[in-house]
Amino acid sequence: MTKAAFDKIKAGLDDAKAYLDGSADKSRYEIHVPTLVNVRKIRARLGLSQEGFAQTYGFALSAVRDGEQGRRQPERSARILLKVVDKEPEAVMRALAKTA
């Protein structure tokens, strides 16, 4: 193991210890769940039709349409997934891929 690898592992363990013993700045570990998500913008950036977007990421087609037309905002869990799709679409596709 290289010294650089060791130092990274040690820093991670030190961060975990600080989090557990309460001495860490816990605001660094909070997540942000967006209150609004622009479904159309995410889908268009990925170059997918509404149907293709729904199939690829496991959304109901009606939910995609309703989100894009402003009839309703996605639920909290869907907003989280949409945020991940926006940032790491390939990771979501890998995670949702059918396995043998």
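Residues numbered from 1 in each chain as written. Predicted model: local features only at pLDDT ≥ 70, side-chain atom pairs only at ≥ 80, totals over all residues. Heavy atoms only, no water.

> Would you mind showing me how to read the packing of helix α2 (residues 39-46) against helix α4 (residues 61-68) here?
The description of two packed helices rests on the angle between their axes and on the distance between the axes. Interhelical geometry of α2 versus α4 gives an angle of 115° and a closest axis separation of 8 Å. In terms of axis orientation, α2 runs roughly perpendicular to α4. Contacts between α2 and α4 involve V39, R40 and R43 from the former and V64, G67 and E68 from the latter. Grouping the constituent residues of the contact of α2 with α4 by class yields two nonpolar, one polar and three charged. (Axes fitted to C-alpha atoms, helices over the stretch in contact; angles between N-to-C directions. Helix = DSSP H or I, 4+ residues; strand = E, 2+ residues; numbered from the N terminus. Parallel < 35°, antiparallel > 145°, perpendicular 65-115°, else oblique. Contact = heavy atoms within 4.5 Å. Nonpolar A, V, L, I, M, F, W, Y, C, P; charged D, E, K, R; others polar.)

> Sorry if this is basic, but what is going on with the side chain of R79 here?
With respect to the element layout, R79 can be found in helix α5 (residues 76-87). No salt bridge is formed by the buried R79; the nearest opposite charge belongs to E75, separated by 6.1 Å. Apart from the residues lying within four places of it in its own chain, the contact partners of R79 are V33, P34, T35, V37, Q73 and P74. (Buried < 20%, exposed > 50% of the residue type's maximum accessible area, 1.4 Å probe, protein only. Lys, Arg positive; Asp, Glu negative; His and termini not counted. Salt bridge = Lys/Arg side-chain N within 4 Å of Asp/Glu carboxyl O.)

> When you look at the packing of helix α3 (residues 50-57) against α4 in this model, what are you seeing that I'm missing?
Remark: α3 packs on α4, axes separated minimally by 9 Å, with the N-to-C direction vectors making an angle of 125°. When the axes of α3 and α4 are compared, the pair comes out oblique. Relative to α4, the crossing made by α3 is right-handed. Together, Q50, E51, F53 and A54 of α3 and L61, V64, R65 and E68 of α4 make up the contact between the two elements. Of the residues belonging to the contact of α3 with α4, the class tally is four nonpolar, one polar and three charged. (Left-handed = near helix turned anticlockwise from the far one by under 90°.)

> How should the side chain of Q50 be read in this particular structure?
When you line up the elements, Q50 lands in helix α3. Polar contacts involving the side chain of Q50 include one to the side chain of R65, which spans 3.3 Å. Beyond its immediate sequence surroundings of up to four residues, Q50 is in contact with R43, L61, V64, R65 and E68. (Polar contact = N/O pair within 3.5 Å; in protein donor to acceptor, adjacent residues only side chain to side chain.)

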